[in-house]
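Summary of structural features
Here's the letter readout for the chains.
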Amino acid sequence: MFLLYLRAVFGILFSGLHPVFVLVAVGQALGGFGIANEKRWGYVLGVAMAFAPAALRVLFFGPGAIFSRDPIGLLFEIALIALLLHPQSRDYQRLWFT
């Protein structure tokens, strides 16, 4: 949840206010809000928005663009995906989210 909020803030600050990247940042913030309130839609949106930056880079710049990003940003993207898709996270959301 915290990483989604953090990625949303940095997405707004460093997107150059491009509409697609602003929408991804808003989606990340809404996903974090949904996860914080234990909503199933928040988890689904959070997972989708975790994959969105990499998918957009591949869509706009091709498959080689995934690794052309700065290594720290790539590390945070991978960490966010790994944390959301970890078995304990998935079990928790399956049991407790409405």
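Residues numbered from 1 in each chain as written. Predicted model: local features only at pLDDT ≥ 70, side-chain atom pairs only at ≥ 80, totals over all residues. Heavy atoms only, no water.

1. Focus on unusual backbone geometry
Despite not being glycine, Leu 17 shows a phi value in the positive range, around 55°. In this fold, Leu 17 is placed in the loop between α1 (2–14) and α2 (19–36). The residue Glu 38 is not glycine, and still its phi comes out positive at about 55°. Positionally, Glu 38 belongs in the loop between α2 and α3 (40–61). (Helix = DSSP H or I, 4+ residues; strand = E, 2+ residues; numbered from the N terminus.)

2. A short note on the environment of Trp 41
With respect to the helices and strands, Trp 41 occurs in helix α3. On the basis of relative accessibility, which here comes to 45%, the residue Trp 41 falls in the partly exposed class. Through-space distance from the C-alpha of Trp 41 to that of Gly 31 is 7.7 Å; in sequence the pair is ten residues apart. Residue contacts for Trp 41: discarding those within four places in its chain leaves Leu 30, Phe 33 and Gly 34. (Buried < 20%, exposed > 50% of the residue type's maximum accessible area, 1.4 Å probe, protein only. Contact = heavy atoms within 4.5 Å.)

3. Topic: the nonpolar core
Counting residues in hydrophobic clusters, the biggest one holds ten residues: Leu 3, Leu 4, Ile 35, Tyr 43, Val 47, Ala 50, Leu 80, Ile 81, Leu 84 and Phe 97. Put simply, the parts of the chain that give this core at least two residues each are α1, α3 and α4 (71–85). Residues within four places of Leu 3 in sequence aside, it is in contact with Phe 76, Ala 79, Leu 80 and Leu 83. (Core = buried A, V, L, I, M, F, W, Y, C linked by side-chain atoms within 4.5 Å.)

4. Re the packing of aromatic side chains
Counted by the stated rule, this structure contains three aromatic pairs. Ring geometry for Tyr 92 versus Phe 97: centroids 5.9 Å apart, planes at 85°, classification edge-to-face. Taking relative accessible area as the criterion, Phe 97 reaches 6% and is therefore assigned buried. (Phe/Tyr/Trp six-rings, centres within 6.5 Å; stacked < 30°, edge-to-face > 60°.)

Such coordinate-based values are descriptive only and should not be taken to indicate function.
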